[in-house]
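# Observations on the three-dimensional arrangement
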Amino acid sequence: MTSTPGTSYTLIPNQKYRRSTRRSSQRCNPSDTHSQSLSTLGYFQTLPLEIFQMILNYLSVKDISMLSMVSKTISNHLMNYISTSAGNQRLLLRDFHNLELPGKGEGSYILEHYRSLGLLLKRCTLLLPTKERLKYIHKVLSGVSCFKLNGCPSPLHCLGLQCYGVFLQILTAGWDELECHRVFNFLWELSNLARKVQTVVSSKPGSAQKLELRIRLYCRSVLLNHWVHRSDSAFWLTRILKPWPMVNQARLLYIIFGPVSSLDGHVVWKKMIQGPTDEASLKGLAEAIKLLYDAEAREWTTDDVISLVDELSVVPREWLMENNARLLILSGNNICFTFMASKAVNGRVAELARLVVFLALVCEKDLYCMDWAVKMMQKVCNVFSTPGERNYFLQCLENAFAHLIMDMLQAVLSGDRDEEDSSFLNLFHLVNAQANFHKEFLCLSLVSPSSSTA
């Protein structure tokens, strides 16, 4: 080692820096770039694209969806494959009308297939903005006519809309509310639902039967039926109803959930006004009302739901009171009480008394416990602010029983009897209802005299 005169330290040779540089350059050799590219496709890097797509034909849809999560490059390759005619033919099954294929379980196999396809497209498009995801998915599915509102010539015997619905449910699971709004708006515009709904809610009921049927099937099968959580169902039902005035909301609710003919699936508009109906005809409407009344349906107030129920009871004309009472019972205690309390607060005491009579009649006919009707009546009595108002209500209740019995007796005595002798049966049930109602009322009064409202 040498040192410069006048210095007390030894210089470090520059040679060491050169050795360090050589080691650094060895780390960044061209083979690293190839290895990074190889890491995104793995061993598929060595295969031609045609061979890669041939391999996909041997994988199930679930396996392909797992493969899509390996890397962005593979995901892009899969998106390209899905868009090809071969991928389209392989993945977009169209056995929507062949519901009895051997070992296929009444079409459940095709529903499961579209669940898996929904997961595949969800994963493939994960990195795209919502708008671009929807455009791509629409491009993939646009060739399937049975996914369209007016696409299938035999919608009652087709699983196409149900497959579209389960696909949509899997695709949007976990998406936030803003993204789901975009999905609904996309579907709303794509199917031109706004104009079609406007047609049926503003026309004479039943004048557009085929369109009513298609709207019902599309809304239920695609937008409403497949959600696991009630909050999701409430969200989509709200999106369907909220753009319209209350009177149109009631009409649309009846189209989607009201009774239909077992022969052709068309909405039966006169079902509620021609005679007493059964629980099955009202169950769908009752479930929809409970869904909107639920605390998770944040966009609906109690007044909104009660107004909707009130409006529904005159679609297309005023219902028989018995059908109105049956709907309230099926809708649950909270809705039933709130509806009745609303009448009490607004001074509609005669209507309220008549409604209690029909609640008792439905309990008698449908074998519900009569003490429920009595307890509901007692609870409503507490809404009245003075003893005089309560006594007036009870007087109206007794008069309602008497008037209805006389009306039914007159129908029996007139001799106008049908094959089932329904007028006599109605009188029989009403007399029993009155007896059982008063028996329960007396029992409750004797057990706890302090709670008596009389």
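Residues numbered from 1 in each chain as written. Predicted model: local features only at pLDDT ≥ 70, side-chain atom pairs only at ≥ 80, totals over all residues. Heavy atoms only, no water.

## Some details on the overall build of the protein chain
For the protein chain, the count of helices and strands is 23 helices and zero strands. Burial analysis of the protein chain (454 residues in total) assigns 44% to the buried set. Intrachain contacts of the protein chain at a sequence separation of at least 6 include 69% that bridge at least 24 residues. (Helix = DSSP H or I, 4+ residues; strand = E, 2+ residues; numbered from the N terminus. Buried < 20%, exposed > 50% of the residue type's maximum accessible area, 1.4 Å probe, protein only. Contact = heavy atoms within 4.5 Å.)

## Regarding the packing of helix 20 (residues 349-365) against helix 22 (residues 387-413)
One way to put it is that helix 20 packs onto helix 22 with a least axis distance of 8 Å and a crossing angle of 60°. Taken together, the axes of helix 20 and helix 22 are oblique relative to one another. Here the hand of the crossing between helix 20 and helix 22 comes out right-handed. Touching V349, L352, A353, R354, V356, V357, F358, A360 and L361 of helix 20 are Y392, F393, C396, L397, A400, F401, L404 and M408, all from helix 22. (Axes fitted to C-alpha atoms, helices over the stretch in contact; angles between N-to-C directions. Parallel < 35°, antiparallel > 145°, perpendicular 65-115°, else oblique. Left-handed = near helix turned anticlockwise from the far one by under 90°.)

## Thoughts on the environment of V247
In this fold, V247 is placed in helix 14 (residues 246-257). Judged by relative accessible area, which is 46%, V247 ranks as partly exposed. Each C-alpha atom, one on V247 and one on V315, is 8.8 Å from the other, the two residues being 68 residues apart in sequence.

## Some points on the packing of aromatic side chains
If you walk through the whole model with that rule in mind, you get 12 aromatic pairs. Judged by centre distance (5.3 Å) and plane angle (10°), the rings of W227 and W236 are stacked. On the accessibility criterion, W236 (2% relative accessible area) is buried. Each residue in the set F184, W188, W227, F235 and W236 is aromatic and connected to the rest through ring pairs, giving one cluster. Directly above the ring of W269 sits R251, whose terminal nitrogen or CZ lies 5.8 Å from the centroid. A cation over a ring is seen here: K379 above F337, with NZ or CZ 4.4 Å from the ring centre. (Phe/Tyr/Trp six-rings, centres within 6.5 Å; stacked < 30°, edge-to-face > 60°. Lys NZ or Arg CZ within 6 Å of the ring centre and 35° of its normal.)

## What to know about the pattern of salt bridges
The tally for this structure, following the rule as stated, stands at 14 salt bridges. For D304, the salt bridge is made with K242, and the minimal N-O distance between the two is 3.9 Å. Taken together, the positions of D304 in helix 17 (residues 302-312) and K242 in the loop between helix 13 (230-241) and helix 14 put the pair 62 residues apart, joining distant regions of the chain. The exposure class assigned to D304 is partly exposed, which follows from its relative accessible area of 21%. Beyond isolated ion pairs, a larger network of salt bridges with shared partners links D310, K343, R348 and E351. (Salt bridge = Lys/Arg side-chain N within 4 Å of Asp/Glu carboxyl O.)

## Here's the deal with unusual backbone geometry
The peptide bond linking V315 to P316 adopts the cis configuration, its omega dihedral lying at -5°. For P316, the location among the structural elements is in the loop between helix 17 and helix 18 (321-331). In this structure, N192 takes a positive phi of about 55° despite not being glycine. Taking the relative accessible area as the measure of exposure, N192 reaches 31% and is therefore partly exposed.

## Describing the packing of helix 19 (residues 333-345) against helix 20
Here helix 19 crosses helix 20 at 150°, and the two axes come no closer than 9 Å. By the angle between their axes, helix 19 is roughly antiparallel relative to helix 20. Of the residues in helix 20, those touching helix 19 at C336, F339, M340, K343 and A344 are E351, L352, L355, V356 and L359. Class assignment for the residues of the contact of helix 19 with helix 20 results in eight nonpolar, no polar and two charged. (Nonpolar A, V, L, I, M, F, W, Y, C, P; charged D, E, K, R; others polar.)

## Section: the nonpolar core
By size, the foremost hydrophobic cluster in this structure holds 144 residues, and its most contacted members are Y114, L223, F393 and F437. Residue contributions to this core peak at 12 residues, all from helix 20. Excluding residues that lie within four positions of it along the chain, Y114 makes contacts with L91, L92, L93, F96, F147, C163, V166 and F167. (Core = buried A, V, L, I, M, F, W, Y, C linked by side-chain atoms within 4.5 Å.)

## Describing helix 21 (residues 370-381)
Residues three or four positions apart in an α-helix share a direction because the helix packs 3.6 residues into each turn. Compared with the 16 Å implied by 1.5 Å per residue over 12 residues, the 17 Å span of helix 21 between its first and last C-alpha is a close match. Burial analysis of helix 21 places nine of its 12 residues in the buried class, the great majority of the element. All of the buried residues in helix 21 are M370, W372, A373, V374, M376, M377, Q378, V380 and C381. The secondary structure elements touched by the buried residues of helix 21 are helix 18, helix 19, helix 20, helix 22 and helix 23 (422-447). (Expected span 1.5 Å × (residues − 1).)

## A closer look at the side chain of Q53
Tracing the backbone through its elements, the reader meets Q53 in helix 3 (residues 49-56). When sequence neighbours within four positions are dropped, the list of residues in contact with Q53 reads Y81 and T84.

## Observations regarding the environment of K439
With respect to the helices, strands and loops of the structure, K439 is situated in helix 23. Here K439 falls in the partly exposed class, since its relative accessible area comes to 43%. Sequence separation between K439 and M370 is 69 residues; the distance between their C-alpha atoms is 9.2 Å.

## Quick notes on helix 7 (residues 108-124)
With 17 residues, helix 7 extends 24 Å from end C-alpha to end C-alpha; this agrees with the ideal 24 Å at 1.5 Å per step. Among the 17 residues that make up helix 7, 12 are buried, leaving the element largely enclosed by the rest of the structure.

## Points about a nonpolar patch on the surface
On the surface, I51, M54 and I55 cluster together into a nonpolar patch covering about 230 Å² of accessible area. Note that I55 resides in helix 3. Overall, the relative accessible area of 30% leaves I55 in the partly exposed class. (Patch = residues over 30% accessible without salt bridge, like charges linked within 9 Å, V, L, I, M, F, W, Y side chains within 5 Å. Areas by Shrake-Rupley, 256 points an atom, 1.4 Å probe, with all protein chains shown as cover.)

## Some words on the environment of S207
Inspection of the secondary structure puts S207 in the loop between helix 11 (193-202) and helix 12 (209-224). Looking at S207, the relative accessible area reads 51%, which means it is exposed. A polar side-chain atom of S207 sits 2.7 Å from the main-chain carbonyl oxygen of K204. (Polar contact = N/O pair within 3.5 Å; in protein donor to acceptor, adjacent residues only side chain to side chain.)

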